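# Structural features, examined
Here is how the chains run, residue by residue.
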Amino acid sequence: MKRLFMILAVVAITVGCTGWRHPLLRQAWEKIETKPQDAKTILARVGTDALTEKEQAEYGLLRTMVAYKLSEKVEDDSLISASIAYYNQHGDDWHRGRAYYYRGAIRMARYGMNTDAIKDFKMAEFISEHADDKELKSRVYGMLYFVNEIFNNHPQILRYAHKRLDSSIELNDSMKIIKSLMDCATAHADIGQKDSACIYIEKAINPQLLSFARETKLMVSMVSESSQDVGYSYLLSDVYARAASIYQERGDMGKAVAYVKKWEETESYENIGFLTLARIRKIQGKYEMAIRLAEVEMGMEGSDQKTRMECLDLLSELYELTGHQERASEARQQVKAYNDSMKYVNQTMQMVEWQQRFDEVRQTKEYYRRTTRMQALTIFLIVVVALAITLGTWWHRRRVHRLSCQLDVDTQRISELRTKIEQQERSGEQNGQEMARLKEELESRMERISNTLLVGTQMFNQLQQRQSIADATAKEQQCLVDYFAQLRPKRWQEWGRKYSGLSTAQYIFLIMQDDLHYDDEAIAAALNVKRTSVRSMRSRIKGREK
């Protein structure tokens, strides 16, 4: 029985620490990347009525992922939108980023390149970068590369090609590195940087990298559950096709033809593109074969505008070379019609400007987020310094006030003691002990005042000799002021009538200015301050005038 309780306790602690997950949902997560069809079968067995709010959000994300991976048509995105609403409030960045990514994917699959899909991808990009989710970053960069490629947004194409390459290097995934290198090569070629394109494609064809890729397990997103050799052949044909295309555009037909031969040896005719082959056949003088290849490329579904325009340009040249002038003229007119189309251009500019605004807003928010703590710390330090200055000033004035009050008390007490001693001597009623006590107290207080006046005299002599008193303590400064009050009573009374609430330092300033006739430079030297501080003190004293 005791052992049973211990087992139950261990189970309770484990569940409490790791969190309980629905067993079917856990199984679906295990299958979703490698066997999405099995994950779909598992999700069909989940009873949605008994799910918690968190499990419902997870279920919606899994259903959307399965639909996207199996290329199923999704009528609406309400399920994944509900998941996003939950993750925005309660979820972690891992689930939240993927929810935005797959909602953008199904929106793009259903509606095409609309703003909502792009916005979801940009949100997924922001979340993945903030959380440093390397796997999600690689997927998002690949999707944004594809999106901008459709719109011929070359700066963004190049940007996301390099970001995807950096992400692939972080993942240490040779397959993704090769594909990212090919994307970088294509992006540089599209903006006319042929030399850079050749550098990147040569890196992709590096035998050591290709050999390592052959030994690496292929990603399911690149090739479905096929053998490793077939996947490697697919990748190799893609690399050779890109190399042939880039060198053909560069004008290096020797290397282009060499890579076409290597591509043909892979026995894969899907990656090189009929347009590249048509250009090579044209250089070889095989015009009829080049025309057939270009026409096939034109008739393929899913061809983007850029490819169609390049095909038409090539066909117009080939038709002229073969004597078909009417067909050449018709091809040129179609090219002109494409160039005159403003709808696509407006949509392209809209997407470009929208992405730029999104990035600017995100960067601005990130900047303010990073500087908020620094601003708070700066304000805190300013408050602390101001408080310290205030407390220091208060403490200094308190000590000076106590010294001044003590001196007044001593002076008044000395006067009282002398009066009592004189009264006892006149009356003849002399009490020996009482008289000794009064004289002892009188001598003590007179000695204290004498010390104060002595220190004040020394301080005043230093000022007369133009020596610095910057190192004087608060007590010594007060002694100087008390001594001056005894030395120049009329001027002291004049200051009392003219000013109110002056500090010890301000009285010392008046002593140097009005009595000793110091100029600003001499005052600054005596107090070891800057001349601007002298002018500031003079203005503050002037503000104390009654």
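Residues numbered from 1 in each chain as written. Predicted model: local features only at pLDDT ≥ 70, side-chain atom pairs only at ≥ 80, totals over all residues. Heavy atoms only, no water.

## Some words on the overall build of the chain
Scanning the chain for helices and strands turns up 25 helices and zero strands. Considering the chain as a whole, with its 546 residues, one finds that 41% of them fall into the buried category. In the chain, 61% of the contacts between residues at least 6 apart in sequence involve partners at least 24 apart. A total of about 31700 Å² of accessible surface is found on the chain, and carbon and sulfur atoms cover 52% of it. (Helix = DSSP H or I, 4+ residues; strand = E, 2+ residues; numbered from the N terminus. Buried < 20%, exposed > 50% of the residue type's maximum accessible area, 1.4 Å probe, protein only. Contact = heavy atoms within 4.5 Å. Areas by Shrake-Rupley, 256 points an atom, 1.4 Å probe, with all protein chains shown as cover.)

## Side note on helix α2 (residues 23-31)
Considered for burial, the residues of α2 that qualify are Leu24, Leu25, Ala28 and Trp29. Along the long axis of α2, the arc covered by the buried residues comes to 140°, so they all point the same way. Looking at the buried positions of α2, the neighbouring elements they touch are α3 (36-44), α4 (53-69) and α6 (93-111). (Arc of directions from axis to C-beta.)

## What about the nonpolar core?
Among the nonpolar cores identified, the biggest contains 97 residues, and Leu43, Leu61, Tyr101, Phe121, Ile178, Ile201 and Ile205 are the most heavily contacted of them. If sequence neighbours within four positions are ignored, isoleucine 201 has contacts with Met182, Ala185, Val239, Arg242, Ala243, Ile246 and Tyr247. Grouped together as the second largest cluster of nonpolar side chains are 27 residues, Met459, Phe484, Ile511 and Ile523 included. (Core = buried A, V, L, I, M, F, W, Y, C linked by side-chain atoms within 4.5 Å.)

## Regarding unusual backbone geometry
Positive phi values are uncommon outside glycine, yet arginine 466 reaches one of about 60°. Within the element layout of this structure, arginine 466 appears in the loop between α20 (432-464) and α21 (474-487).

## Structural notes on the packing of aromatic side chains
Tallied over the full model, the rule gives twelve aromatic pairs. For the ring pair tyrosine 141 and tyrosine 160, a centre distance of 6.2 Å and an interplane angle of 40° mean the geometry is tilted. Taken together, the positions of tyrosine 141 in helix α8 (residues 134-150) and tyrosine 160 in helix α9 (residues 154-171) put the pair 19 residues apart, joining distant regions of the chain. For the pair formed by tyrosine 141 and tyrosine 160, the shared burial category is buried. Ring-pair connections join several aromatic residues into one group, and the members of that group are Phe460, Phe484, Trp492, Trp495 and Tyr507. (Phe/Tyr/Trp six-rings, centres within 6.5 Å; stacked < 30°, edge-to-face > 60°.)

## Details of the packing of helix α7 (residues 115-131) against α9
Look at α7 against α9: their axes get within 14 Å of each other, and the N-to-C directions meet at 35°. For the pair α7 and α9, the sense of crossing is left-handed. Residues Lys122, Glu125 and Glu129 of α7 form the contact with α9, whose own contacting residues are Arg159, Tyr160 and Lys163. The class makeup of the residues in the contact of α7 with α9 is one nonpolar, no polar and five charged. (Axes fitted to C-alpha atoms, helices over the stretch in contact; angles between N-to-C directions. Left-handed = near helix turned anticlockwise from the far one by under 90°. Nonpolar A, V, L, I, M, F, W, Y, C, P; charged D, E, K, R; others polar.)

## What about the pattern of salt bridges?
Tallied over the full model, the rule gives 24 salt bridges. Its salt-bridge partner being aspartate 77, residue arginine 107 comes within 2.6 Å of it at the nearest N-O pair. Of the two residues, arginine 107 is situated in helix α6 and aspartate 77 in the loop between α4 and α5 (78-89); the sequence distance between them amounts to 30 residues. Neither residue differs from the other here; arginine 107 and aspartate 77 are each classed as buried. (Salt bridge = Lys/Arg side-chain N within 4 Å of Asp/Glu carboxyl O.)

## Some words on α8
The first and last C-alpha atoms of α8 sit 25 Å apart over 17 residues, in line with the 24 Å expected at 1.5 Å per residue. Phi turns positive one or two residues past the end of α8, at asparagine 152, with a value near 55°. (Expected span 1.5 Å × (residues − 1).)

## With respect to the packing of helix α23 (residues 504-515) against helix α25 (residues 531-542)
Look at α23 against α25: their axes get within 11 Å of each other, and the N-to-C directions meet at 105°. With respect to their mutual orientation, α23 and α25 come out roughly perpendicular. Residues Ala505, Gln506, Phe509, Leu510 and Gln513 of α23 form the contact with α25, whose participating residues are Val534, Met537, Arg538, Arg540 and Ile541. (Parallel < 35°, antiparallel > 145°, perpendicular 65-115°, else oblique.)

## Examining the side chain of asparagine 148
Within the element layout of this structure, asparagine 148 appears in helix α8. Residue classification places asparagine 148 among the buried positions, given a relative accessible area of 1%. One polar contact links the side chain of asparagine 148 to the main-chain carbonyl oxygen of leucine 144, over a distance of 2.7 Å. If near-sequence neighbours (up to four positions away) are discounted, asparagine 148 is found in contact with Asn153, Gln156, Ile157, Tyr160 and Gln355. (Polar contact = N/O pair within 3.5 Å; in protein donor to acceptor, adjacent residues only side chain to side chain.)

## Brief notes about the environment of serine 536
Position of serine 536 relative to the elements: it lies in helix α25. Residue serine 536 is classed as partly exposed on the basis of its relative accessible area of 32%. Polar side-chain contacts of serine 536 include one of 2.9 Å to the backbone oxygen of threonine 532.

## Some points on the confidence of the model for the chain
Interpretation of the predicted coordinates at a detailed level should be avoided for regions scoring low in pLDDT. Summary statistics for the chain give a mean pLDDT of 77 and a share of 76% for residues scoring 70 or more. pLDDT under 50 marks residues 10-20. Its contacts with residues more than four places away, or in other chains, come to three contacts. Counting interchain partners and residues more than four positions distant, the pLDDT-below-50 stretch residues 217-230 has 21 contacts. (pLDDT = per-residue confidence, 0-100.)

## Quick notes on a nonpolar patch on the surface
Together, Met374, Leu377, Phe380, Leu381 and Val384 give the surface a local cluster of nonpolar side chains, amounting to about 490 Å² of exposed area. By the element assignment, leucine 381 lies in helix α19 (residues 342-427). By relative accessible area, which is 47% here, leucine 381 ends up partly exposed. (Patch = residues over 30% accessible without salt bridge, like charges linked within 9 Å, V, L, I, M, F, W, Y side chains within 5 Å.)

## A word on the environment of alanine 470
The topology assignment puts alanine 470 in the loop between α20 and α21. With relative accessibility at 33%, the residue alanine 470 sits in the partly exposed group. It is 6.4 Å that separates the C-alpha atoms of alanine 470 and alanine 526, two residues lying 56 residues apart in sequence. Setting aside residues no more than four positions away along its own chain, alanine 470 makes contact with Ala526, Leu527 and Asn528.

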